[in-house]
Amino acid sequence: MNQTVTRADFDQVMVPNYAPADYIPVRGEGARVWDQAGREYIDFAGGIAVNALGHAHPALVKALTEQAGKIWHVSNSLTNEPALRLAKKLVAATFAERVFFCNSGAEANEAAFKLARKYAIDVAGCEKYEIISTTNSFHGRTFFTVTVGGQPKYSDGFGPRPQGVKHIPYNDVAALKAAISDKTAAVVVEPVQGEGGVLPADKAYLEAVRALCDQHGALLVFDEVQTGVGRSGSLYAYMEYGVTPDILTSAKSLGGGFPIGAMLTTEKIAKHFGVGTHGSTYGGNPLACAVAEAVIDVVNTPEVLAGIRAKHARFVSQLNAIAAKTGVFSEVRGMGLLIGAVLADVYKGRAKDFMTAAAKAGVMVLQAGPDVVRFAPSLVIADADIDEGMARFAQAVDSLLAK
Ligand SMILES: Cc1ncc(COP(=O)(O)O)c(C=O)c1O
């Protein structure tokens, strides 16, 4: 028997590390979601940049239900067909020659950082272990990934952190030049800082990072957990920039809502993760890989990728119109369907208020830190849904300004 549950139950039975909104979504279709009370929302959040094809996309439902009738899980002492098919597709579509599967972005980064250190130590000796990351970056919530992440609020309070991690300002070539040395095992960069405020890297910066890594024998790790799988308008953002990493991490959109993470790399680097060096019980799960395969099949087509760029322009022009009318935003930035509207000085710190007002007006948006309202909708959202959602968002902005 299903029992009735409400938002109030959260505070009674859940660990209080989240503060969920006051409504509970129960059903979704495309870019629309309905809550327990039957209220409809346009979804410009997509989880947090996860539901790449919206809700209940027929190709994903088909892939999941077909696989559910076949085999759900085997251990990694066996391999499975969906994992091999997905890995072949990722290898064919990217710089990568080898793939490691796991279940989340943090786990993909954990694998990337461990592999980068293992490679450096194997090749150049035990002094080459430093990881250089950027301030305000976000790489996940395991202890290694919060340590590499550049937001101390996530890593403080848990005792001693893993050693050998430095942080330098983002988009700052001089700072990297000063920090990098022959002790650097890896430089870790998000091509667009997502949680840090939807801040894209400059092309010249990423080119300089690549050159400095090569000069010092350091690996370049791109965290594409948020930017990957079409979100940027290319399959991966490194393709937009024309700068190829040595290791790339992917999650979020890869599963379209089903948990999966992946670390992509070259054969030369991958071989340092020999048998027994790393692993994950659920990594390469057949259900997850079957869904991700369907996501890649749909997203990695010229029509869908071109559509993402067109939808970017549609979002940005409507957000700029709201900015021009109300003065709430100082800048609209981002790539593809990862867009940030930066709050003007007088509204700084109030991104959550915009999120709450938007939900009241029937549209789900995100924040990216306290000063940026973030949009990460389905990559195949219909233009009519964009227009309707933007009309609701404009109402939400008006309602906040009227207060
Ligand atoms: C760039 C980036 N890396 C890593 C992560 C962590 O992913 P997960 O929450 O799946 O562990 C996130 C999540 O927001 C992210 O945006």
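Residues numbered from 1 in each chain as written. Predicted model: local features only at pLDDT ≥ 70, side-chain atom pairs only at ≥ 80, totals over all residues. Heavy atoms only, no water.

1. Focus on the sheet that holds strand 3 (residues 40-43)
For sheets, the rule is that strands pair by backbone hydrogen bonds, running either parallel or antiparallel. Spatial ordering of the open sheet is given by 1-2-3-15, a layout of 4 strands whose pairing is mixed. Taken across any chain shown, the strands that pair with only one partner, and hence form the sheet edges, are strand 1 (25-29) and strand 15 (363-364). Bridging between strand 1 and strand 2 (residues 32-35) involves 4 bridges; their strand directions are antiparallel. Bridge assignment links Glu 29 to a residue of strand 2, and that residue is Arg 32. (Pairing = 2+ DSSP bridges. Helix = DSSP H or I, 4+ residues; strand = E, 2+ residues; numbered from the N terminus.)

2. Some thoughts on unusual backbone geometry
Backbone geometry places Ala 49, a non-glycine residue, at a positive phi of 60°. With a relative accessible area of 0%, Ala 49 lands in the buried category. Unlike most non-glycine residues, Asn 171 shows phi in positive territory, near 60°. Looking at where Asn 171 falls in the secondary structure, it is placed in the loop between strand 6 (165-168) and helix 8 (173-179). Under the relative-accessibility criterion, Asn 171 is labelled partly exposed at 23%. (Buried < 20%, exposed > 50% of the residue type's maximum accessible area, 1.4 Å probe, protein only.)

3. Points about helix 3 (residues 58-68)
Listed as buried for helix 3 are Leu 60, Ala 63 and Gln 67. Down the axis of helix 3, the buried side of the element spans an arc of 65°, and every buried residue falls inside it. Pointing more than 90 degrees away from the buried face of helix 3 are the exposed residues Pro 58, Lys 62 and Thr 65. Looking at the buried positions of helix 3, the neighbouring elements they touch are helix 4 (81-93) and helix 12 (286-299). (Arc of directions from axis to C-beta. Contact = heavy atoms within 4.5 Å.)

4. A word on the site of the ligand
The ligand sits among 13 residues. The nearest are Gly 105, Ala 106, Asp 223, Gln 226 and Lys 252. Note that a nitrogen atom of the ligand is positioned 2.7 Å from one of the side-chain N or O atoms of Asp 223. A distance of 2.7 Å separates an oxygen atom of the ligand from a polar side-chain atom of Gln 226. Contact with the protein chains removes 82% of the 390 Å² of surface that the ligand exposes when unbound. Looking at side-chain class alone, the shell around the ligand contains 3 nonpolar, 6 polar and 4 charged residues. (Near = heavy atom within 4 Å. Polar contact = N/O pair within 3.5 Å; in protein donor to acceptor, adjacent residues only side chain to side chain. Areas by Shrake-Rupley, 256 points an atom, 1.4 Å probe, with all protein chains shown as cover. Nonpolar A, V, L, I, M, F, W, Y, C, P; charged D, E, K, R; others polar.)

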